[in-house]
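# Structural overview for review
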Amino acid sequence: MTAAVFDHNGPWTEEEYLALGETQQRVELFDGSLHVTPAPTPRHQRISRKLGNILEAAAEAVGLELLEAVNVRLRPGRIPIPDLVVTEPVDLDELIIEADAVRLVCEIISPSNAATDKVLKMHYYAAAGIEWYLLVAQETGSLRPYRRRGGHYTEQSVAKRGEVLELSDPVRATIRPEDLVS
C-alpha cells in the first residue's frame with residue numbers, strides 16, 4: 001500500500017475504512033481516525049500462535065471460535081484489530097465481527113503500542129461490553145486477565161514465569177507464560 005491511499009480529507013467513515021482492503025500494516029479505525037502500525041514482529045507472532053493454539057482447543061470444546069487479527073466493530077466507526085478473539089460462532093466470510101459476539105479479546109503488548117493496548121483499547125473494549133480482556137507482555141509472557149465490571153475492567157490475576165494462569169471463563173485453559181516466550 002502506498003502513502004497516497006491515506007491522503008484523505010476529514011474523518012474516515014467505516015465504508016471508506018473497509019474499502020482499504022487488506023494491507024501490510026495493521027490499520028484500525030477509531031472514531032474517524034486511522035491508527036496504523038507496522039506488521040507485528042516475529043516474536044509477537046510466535047506468542048500469538050502459541051497462545052492461539054491453546055485457546056483454540058479450549059474454545060472449540062465449548063462451541064466457540066478462536067480468530068486471529070480480525071476486524072471487531074465495537075460501535076459504528078470504531079473497529080480495532082485485536083491479536084486474538086474468542087467469539088460465538090460467526091459467519092467466517094464477513095469482514096467484521098460484532099462486539100456482542102466476542103467473549104474474550106487478547107492483545108499482545110509490543111513496546112510501540114503499549115499505551116494503546118493498556119489504556120485506549122482497554123477502555124473501548126469495556127465500553128463495547130466485551131466481558132474478558134487478556135493482556136500478554138511480549139518480553140516476559142506474563143498474562144493479565146481482566147473482567148468487565150460496569151464500564152471498566154478489573155484485573156483478576158497475574159501469571160508470570162514459573163506460574164500458571166487457569167482460565168475458567170469463557171473457556172477453560174491452563175497457560176504457562178514460559179510456554180509462550182521460550
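Residues numbered from 1 in each chain as written. Predicted model: local features only at pLDDT ≥ 70, side-chain atom pairs only at ≥ 80, totals over all residues. Heavy atoms only, no water.

### Section: the pairing of strand β6 (residues 84-87)
Condition: The cut-offs for exposure are 20% and 50% of the maximum accessible area for each residue type, with area from a 1.4 Å probe on protein chains only; residues under the lower value are buried, those over the upper are exposed, and the others partly exposed. The numbering of helices and of strands both runs from the N terminus, where a helix is a DSSP run of H or I of at least 4 residues and a strand a run of E of at least 2. Pairing between strands requires that DSSP locate at least two bridges from one strand to the other.
Neither face of β6 is exposed, since L84 and V86 on one face and V85 and T87 on the opposite face are all buried. As defined by bridge partners, strand β3 (residues 65-68) adjoins β6 across four bridges and the pair is classed as antiparallel. Residue pairing for β6: L66 is matched across the bridge by V86.

### So, the side chain of R73
For clarity, the cut-off: Here a polar contact means two N or O atoms within 3.5 Å. Within protein one must be a hydrogen donor candidate and the other an acceptor candidate, and residues neighboring in sequence count only if both atoms are side-chain atoms. Contacts are residue-level and defined by heavy atoms, with any inter-residue pair within 4.5 Å sufficient.
As for its placement among the helices and strands, R73 is situated in strand β4 (residues 71-73). Here E14 takes part through its side chain, which lies 2.4 Å from a polar atom of the side chain of R73. Once you skip the residues sitting within four places of it in the chain, R73 turns out to touch E14, R78, I79, I96, I97, E98 and A99.

### Looking at helix α2 (residues 42-61)
Every α-helix carries 3.6 residues per turn, so stepping three or four residues along brings you back to the same face. To be explicit about the condition: Working rule for helices: expected span equals 1.5 Å times residues minus one.
In this model, α2 (20 residues) spans 29 Å end to end at C-alpha, consistent with the 28 Å of a helix rising 1.5 Å per residue. Within the span of α2, buried status applies to H44, I47, S48, L51, G52, L55, A58 and A59. Phi for G63, located one or two positions after α2, is positive at around 75 degrees.

### As for the sheet that holds strand β2 (residues 33-37)
The antiparallel open sheet is built from three strands, whose spatial order is β2-β1-β5. The two strands at the open ends of the sheet, each matched to only one other strand, are β2 and β5 (78-79). Alignment of strand β1 (residues 26-30) against β2, held across five bridges, turns out to be antiparallel. Looking across to β2, one finds that R26 is bridged to T37.

Purely geometric numbers; function is a separate question.
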